[in-house]
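A structural walkthrough
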Amino acid sequence: MKVICDISVTSASWRSASWTPAALFASGGNGAWYDIADPGLIYSDPAGLNPATINGPVGLVLDKSQGLALGPELVTNGEFNADASGWTALNSPLIAVAGGSATVEQPGTGSGIYQDIPVTSGQMVRVTVRARRVGSANSFTGIWAMSASDFSSNRVIQNLSTAWAIYVFHIVGSASVCRLYISPQSTGSSVEVDLVSARLLSGNHAIANTFAKRPMLRENANGGRYLEFDGIDDQLITPAFELSNTDKVALGVGVSKVADTEAGGMVCNFSSAGLPSFALQAPAPGNGLTRWSHAGATSSAQVDLALALGAPTVYLAESDLGAPVLSLKSNSAPKASNSGATGGGTYSLGRLSIGDVETSTSQPFVGGLHGLVFLDRAVTAPEYANLSAYLAAETGVTL
């Protein structure tokens, strides 16, 4: 991350009272809605323990498209009603259950209790736990979450205080189980816990695990919020999700692009192990073209729009591999289209990358992201108009 010049816009930020992108997903479908203006969705760390602050880093942006719906409870006996059944002891901890909570004391190295919860790789789980430390202080006393038995680098909550507190955090499964591990990690210390819960959180959430890759949360003079990407290495990326039921996608983004020396910053792209894929690249000096492209089973096609750098812009892009046709529109300019053949096909299992390409070939975006919506189908004319108006309000654009 680096601090770059101010790219905020001066138009006031407002939202439509009658329509939001939630309407696009009311009948189902896959995609994402990243609402940068909603502070309840933006966190400084990838676990989502700490809300992001203005001028601070962003490690997690929750996807609002599925209403943040929670799945059924995955933890057995998280309330410790009578005993510690459902939990497995590791290295002979001392366990006492009373009054609806469990106290775990460590008589030796690495003692604790754990429970493996079933997940599918890439699924995000929201964990809630009420906990406190009992006894001597230790910075490692806390709660672990991991996808295997390696406890060395997966501590989520540490240095617990002696006062009860409720912690909420998020983890992404990378195997068939995710392990919750509770340990004092210091001889003579204890952890007391109750109300342990883990439930799947619907959506395709965007994460920056590496601190240096986290964009900054900014706010303009009128309260409009956006993510600032540094043009060096900032990138948010989702776990893999399935788009194989469709040969169509629709994308809407609000961006502010500043002058830089990159060949064309990648606002976002969706890719898998092979084709098909889609990508939106912002303009660069000496070029001034925003490029929307898609790749089918055999080849790719693209469409370009000329636009001055530094202008706040709403882009609406559509891809239909079967027709074939792809189109791109910016603000109130006419729509540009290309019907070049790409070999058809359908989109497949892949990840959405924001701010750079997923591969090692770097195309970093430098500028601000005010909002992003995409879905796995074509949009109707009224939906197109509503999405355009919504993103214009978020970005500070007058259409």
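Going by the structure above, here's the rest.
Note that the structure is a prediction, hence the values are computed from the model and not measured. (Residues numbered from 1 in each chain as written. Predicted model: local features only at pLDDT ≥ 70, side-chain atom pairs only at ≥ 80, totals over all residues. Heavy atoms only, no water.)

1. Remarks on the overall build of the chain
Within the chain one finds one helix and 28 strands. Of the roughly 15400 Å² of accessible surface on the chain, a fraction of 53% belongs to carbon and sulfur atoms. (Helix = DSSP H or I, 4+ residues; strand = E, 2+ residues; numbered from the N terminus. Areas by Shrake-Rupley, 256 points an atom, 1.4 Å probe, with all protein chains shown as cover.)

2. Details of the pattern of salt bridges
Inspection of every chain in the model, using the stated rule, returns 13 salt bridges. Here D38 ties to K64 by a salt bridge, and the two come within 3.0 Å at their closest N and O atoms. Within this pair, whereas D38 is found in the loop between β1 (31–34) and β2 (42–43), its partner K64 is found in the loop between β3 (60–61) and β4 (70–73), the two being separated by 26 residues in sequence. You can call D38 partly exposed: its relative accessible area is 22%. A salt bridge links E383 to R377, with the nearest nitrogen and oxygen atoms 2.9 Å apart. One network of salt bridges, with partners in common, ties together D35, D38 and K64. (Salt bridge = Lys/Arg side-chain N within 4 Å of Asp/Glu carboxyl O. Buried < 20%, exposed > 50% of the residue type's maximum accessible area, 1.4 Å probe, protein only.)

3. Quick notes on the pairing of strand β20 (residues 266–271)
Two faces make up the sheet, and in a regular strand the side chains alternate between them. The element β20 is extensively covered by neighbouring structure, given that six of its six residues are classed as buried. Direction of pairing for β20 relative to strand β21 (residues 277–281): antiparallel, over a ladder of four bridges. Note on β21: the bridge partner recorded for N269 is A279. When β20 meets strand β27 (residues 351–354), the two strands line up antiparallel, connected through four bridges. Looking at β27, one finds that S271 is bridged to R351. (Pairing = 2+ DSSP bridges.)

4. Brief notes about unusual backbone geometry
Cis geometry is adopted by the peptide bond preceding P324, which originates at A323 and carries an omega value of -15°. Along the polypeptide, P324 turns up in the loop between β24 (312–320) and β25 (325–330). Positive phi, normally seen in glycine, also occurs at N331, with a value near 45°. With respect to the helices and strands, N331 occurs in the loop between β25 and β26 (336–338).

5. Quick look at the packing of aromatic side chains
Here a ring pair, both rings aromatic, is described through the centre-centre distance and the interplanar angle of the planes. Applying the stated criterion across every chain yields a total of 11 aromatic pairs. Ring plane angle 70° and centroid distance 6.3 Å describe the contact between W19 and Y390, whose orientation is recorded as edge-to-face. Of the two residues, W19 is situated in the segment before β1 and Y390 in helix α1 (residues 381–395); the sequence distance between them amounts to 371 residues. Taking relative accessible area as the criterion, Y390 reaches 3% and is therefore assigned buried. Note on W33 and Y390: the rings are 6.1 Å apart at their centroids and 80° apart in plane angle, and the pair reads as edge-to-face. Of this pair, W33 sits in strand β1 while Y390 sits in helix α1, and the two are 357 residues apart along the sequence. Through a chain of ring-to-ring contacts, the aromatic side chains of F241, F270, F278, W292, Y347 and F374 assemble into a single cluster. Against the face of W164 rests R130, its NZ or CZ located 4.0 Å from the ring centre. (Phe/Tyr/Trp six-rings, centres within 6.5 Å; stacked < 30°, edge-to-face > 60°. Lys NZ or Arg CZ within 6 Å of the ring centre and 35° of its normal.)

6. Structural notes on the side chain of H370
Locating H370 in the fold gives a position in strand β28 (residues 366–375). A distance of 2.9 Å separates polar atoms of two side chains, one belonging to H370 and the other to S256. (Polar contact = N/O pair within 3.5 Å; in protein donor to acceptor, adjacent residues only side chain to side chain.)

Purely geometric numbers; function is a separate question.
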